[in-house]
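# Close look at the chain arrangement
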Amino acid sequence: MAFRRTRSHDGRPGVILVDTTWSIADFFAYQLAKHGINLHAFTPYLRRPRYLRVAYPYRSYVEQPFANGPSDSFLAMVERINPACIIPCTEDALYWLWDQPDHIQARCLPNVAPAIRPLLLDRALLLEAAAVWGVSTPTSMLLNNLDECRAAIAAGLPLVVKSGRSIGSSGVALCRTSDEVIRAFEEFFPRDTSVTAQRYYTGPTYLAGALFINGEAVHFYAAEKTVMWPPLTGYSYQLRSAAEPYFSSLLQSAETIGKHLEWTGLASFDFVLDEDGYFRFVDFNPRLWGSADATLPAKVDLYGGLARWIRCNAAGPASRSTPGISHRVFPKYTFEPSGMSSWRRLMGLRDAPWDDPSFVVGEVALEFLQRTTRVAQVRSSKMVKTSKLL
């Protein structure tokens, strides 16, 4: 896969990021801008209000909800910018781009072949395929009715019940009782492509993420998730980069899957370490992952490599994460809900990407604004209730 080497009037290649509603998308934009890429956004909304967009990396943007079918607004934006590539920043954006014309999809990173798309739309199908490719996966069974739920329960608790389109902790339930299994099934089944009951492994969870070129992990990061929220099944709040022999095992499994998917683009994998010391592949994120800022202290040239690939179709030289580097994910660790004390959470600011101070200051200001707004709303609600009582 190669991109047309288009340039704007200043000689820099342009990239459209689709759906920048997650903080990692803004961080991604700052990093690519540092490497000489002109960024544009097509998104349901920009996270920051106008008065917090000082030094925002986007040259232009269109705020518009995703609608079914081709988008005239998006087509007009692509024609105006003539981007070197289009990068979806969420699963919703990736799936939405599949509904756009073929010449738009040809510019997407990743450009997912139609034959591969069903595997991304249903994680159960992907895990089944990975097992055929020789990658270990959890012991599991599909759930289609309550009788199958009871059979899974009889095989042993606890279980991890997952929907076919789970994202992070959404669509995932760690079930310790039979009632919890039934509730999770009844919640997920009406809205998802599949529901699976997986055996729960007590070992640590690992992440493996990379810039893949034709399935090869050119810039690769692997780490243990040392703090997650919700615990055991949630988002990564803190990671420690992996050492041998785990690193090579994770790299081999990630490349095996990547090559079968013919993947060119950013992606990450989740693995759990079983009691025998083997990794089980449990999930796939077909985009930049939410803890990708951890690649910077681990010396993975993820963003520089991607910028070179966009600019001249050469992402090398390859880079690998330095082992033993602990990193607290910004802004999740500091600002998102968790069971940690406020003081401990504030310590996470030490690991913020201070090489991009405008990004860090913007995130802190946005959090302050959102918290003061919530406080004002609570006070207003209390005043209304008091006035009604009077």
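The structure this text deals with has already been given above.
This one's a predicted model, so the numbers in the text were calculated from it and none came from an experiment.

Cut-off values and rules
- Residues numbered from 1 in each chain as written.
- Predicted model: local features only at pLDDT ≥ 70, side-chain atom pairs only at ≥ 80, totals over all residues.
- Heavy atoms only, no water.
- Helix = DSSP H or I, 4+ residues; strand = E, 2+ residues; numbered from the N terminus.
- Contact = heavy atoms within 4.5 Å.
- Lys, Arg positive; Asp, Glu negative; His and termini not counted.
- Charge placed at Lys NZ, Arg CZ, Asp CG, Glu CD.
- Buried < 20%, exposed > 50% of the residue type's maximum accessible area, 1.4 Å probe, protein only.
- Pairing = 2+ DSSP bridges.
- Salt bridge = Lys/Arg side-chain N within 4 Å of Asp/Glu carboxyl O.
- Axes fitted to C-alpha atoms, helices over the stretch in contact; angles between N-to-C directions.
- Expected span 1.5 Å × (residues − 1).
- Arc of directions from axis to C-beta.
- Phe/Tyr/Trp six-rings, centres within 6.5 Å; stacked < 30°, edge-to-face > 60°.
- Lys NZ or Arg CZ within 6 Å of the ring centre and 35° of its normal.

### Overview of the overall build of the protein chain
- When helices and strands are counted, the protein chain shows 13 helices and 15 strands.
- Nonlocal contacts in the protein chain, meaning residues at least 24 apart in sequence, comprise 64% of its contacts between residues at least 6 apart.
- In the protein chain, 41 positive and 37 negative side-chain charges are present, and the distance between their average locations comes to 8 Å.

### A look at the pairing of strand β8 (residues 195-199)
- The buried fraction of β8 is high, at 4 of 5 residues.
- Relative to β8, strand β5 (residues 140-142) runs antiparallel, the two sharing 3 bridges. The residue of β8 that forms the bridge with Met-141 is Ala-197.
- As paired elements, strand β6 (residues 159-167) and β8 share 5 bridges and run antiparallel to each other. In the strand pairing of β8, Lys-162 is matched with Thr-196.

### Focus: unusual backbone geometry
- The step from Gly-316 to Pro-317 runs through a cis peptide bond, and the omega angle for that step is 0°.
- Considering the arrangement of structural elements, one finds Pro-317 in the loop between α10 (302-312) and β14 (319-320).
- The backbone of Asp-19 shows a phi angle near 75°, a positive value even though the residue is not glycine.
- You can see Asp-19 is positioned in the loop between β1 (14-18) and α1 (23-34).
- Looking at Asp-19, the relative accessible area reads 5%, which means it is buried.
- For Glu-262, which is not a glycine, the phi torsion comes out positive at approximately 55°.
- With respect to the helices and strands, the residue Glu-262 is situated in the loop between α9 (246-260) and β12 (265-273).
- Look at Glu-262 and you get exposed, because its relative accessible area is 59%.

### A look at the pairing of strand β4 (residues 85-88)
- Of the two faces of β4, the one holding Cys-85 and Ile-87 and the one holding Ile-86 and Pro-88 are both buried throughout.
- As defined by bridge partners, β1 adjoins β4 across 4 bridges and the pair is classed as parallel. Paired with Val-18 across the bridge in β4 is Pro-88.

### A look at the pattern of salt bridges
- If you walk through the whole model with that rule in mind, you get 18 salt bridges.
- Across the pair Arg-328 and Asp-351 runs a salt bridge whose closest N-O atoms are separated by 3.0 Å. Of this pair, Arg-328 sits in strand β15 (residues 326-328) while Asp-351 sits in the loop between α12 (342-346) and α13 (357-389), and the two are 23 residues apart along the sequence.
- Two residues, Glu-367 and Arg-374, come together in a salt bridge whose shortest N-O distance is 3.9 Å.
- Owing to a relative accessible area of 11%, Glu-367 belongs among the buried residues under this scheme.
- A relative accessible area of 43% places Arg-374 in the partly exposed class.
- Several salt bridges converge on common partners, so that one network encompasses Glu-91, Arg-123, Lys-162, Asp-283 and Arg-287.

### A look at the sheet that holds strand β3 (residues 58-63)
- Strand order across the open sheet formed by 4 strands is β3-β2-β1-β4, with parallel pairing between neighbours. Strand pairing shows two members of the sheet lacking a second neighbour, β3 and β4, which therefore form its edges. Shown here is a sheet whose adjacent strand axes are inclined to one another by a mean of 20°, direction ignored.

### Remarks on α9
- In this model α9 runs 22 Å from its N-terminal to its C-terminal C-alpha over 15 residues, within 8% of the 21 Å that 1.5 Å per residue would give.
- Taken together, the buried positions of α9 are occupied by Phe-247, Leu-250, Leu-251, Ser-253, Ala-254, Glu-255, Ile-257 and Gly-258.
- Where α9 is buried, its residues contact α6 (123-132), β9 (205-213), β10 (216-229), β12, β13 (279-285) and β14.
- Just past α9, the residue Glu-262 takes up positive phi, approximately 55°.

### A short note on helix α8 (residues 178-188)
- Those residues of α8 that sit buried are Val-181, Ile-182, Ala-184, Phe-185 and Phe-188. Mapping the buried residues of α8 onto a view down its axis gives an arc of 165°, with all of them on the same face.
- Here the buried face of α8 lies against α7 (146-155), β6, β7 (170-175) and β8.

### Some thoughts on the side chain of Asn-285
- Following the sequence through the fold, Asn-285 ends up in strand β13.
- Setting aside its immediate chain neighbours within four residues, Asn-285 contacts Glu-91, Ala-267, Ser-268 and Asp-270.

### Considerations on the side chain of Gln-198
- Checked against the element boundaries, Gln-198 lands in strand β8.
- Residues within four places of Gln-198 in sequence aside, it is in contact with Leu-127, Pro-138, Thr-139, Ser-140, Leu-159, Val-160, Lys-162 and Val-282.

### Focus: the sheet that holds β5
- Taken in spatial order, the 4 strands line up as β5-β8-β6-β7 in an open sheet, and their pairing is antiparallel. The open sheet has two edge strands with one neighbour each: β5 and β7. Ignoring strand direction, the axes of neighbouring strands in this sheet form an average angle of 20°.
- Packing against the sheet, α7 makes contact with β5, β6 and β8, and its axis sits at approximately 170° to β5.
- Here α8 sits on the sheet in contact with β6, β7 and β8, set at roughly 165° to β7.

### As for the packing of aromatic side chains
- Evaluation of the coordinates by the stated rule reveals 24 aromatic pairs.
- Pairing Tyr-95 with Trp-98 gives two aromatic rings, centres 5.2 Å apart and planes at 50°, and the pair type is tilted. Neither Tyr-95 nor Trp-98 differs from the other in exposure class; each is buried.
- When the ring of Phe-330 is compared with that of Phe-359, the centres are 6.0 Å apart and the planes differ by 75°; the resulting orientation is edge-to-face. One end of the pair, Phe-330, is in the loop between β15 and α11 (332-335); the other, Phe-359, is in helix α13, with 29 residues separating them in the sequence. Each member of the pair, Phe-330 as well as Phe-359, carries the same accessibility label: buried.
- Within the aromatic cluster, the residues linked to one another by ring pairs are Tyr-206, Phe-212, Tyr-246, Trp-263, Phe-269, Phe-271, Phe-279, Phe-281 and Phe-284.
- The ring centre of Tyr-95 lies 5.2 Å from the NZ or CZ of Arg-165, which sits over that ring.
- Lying over the aromatic face of Tyr-333, Arg-328 brings its terminal NZ or CZ to 5.9 Å of the ring centre.

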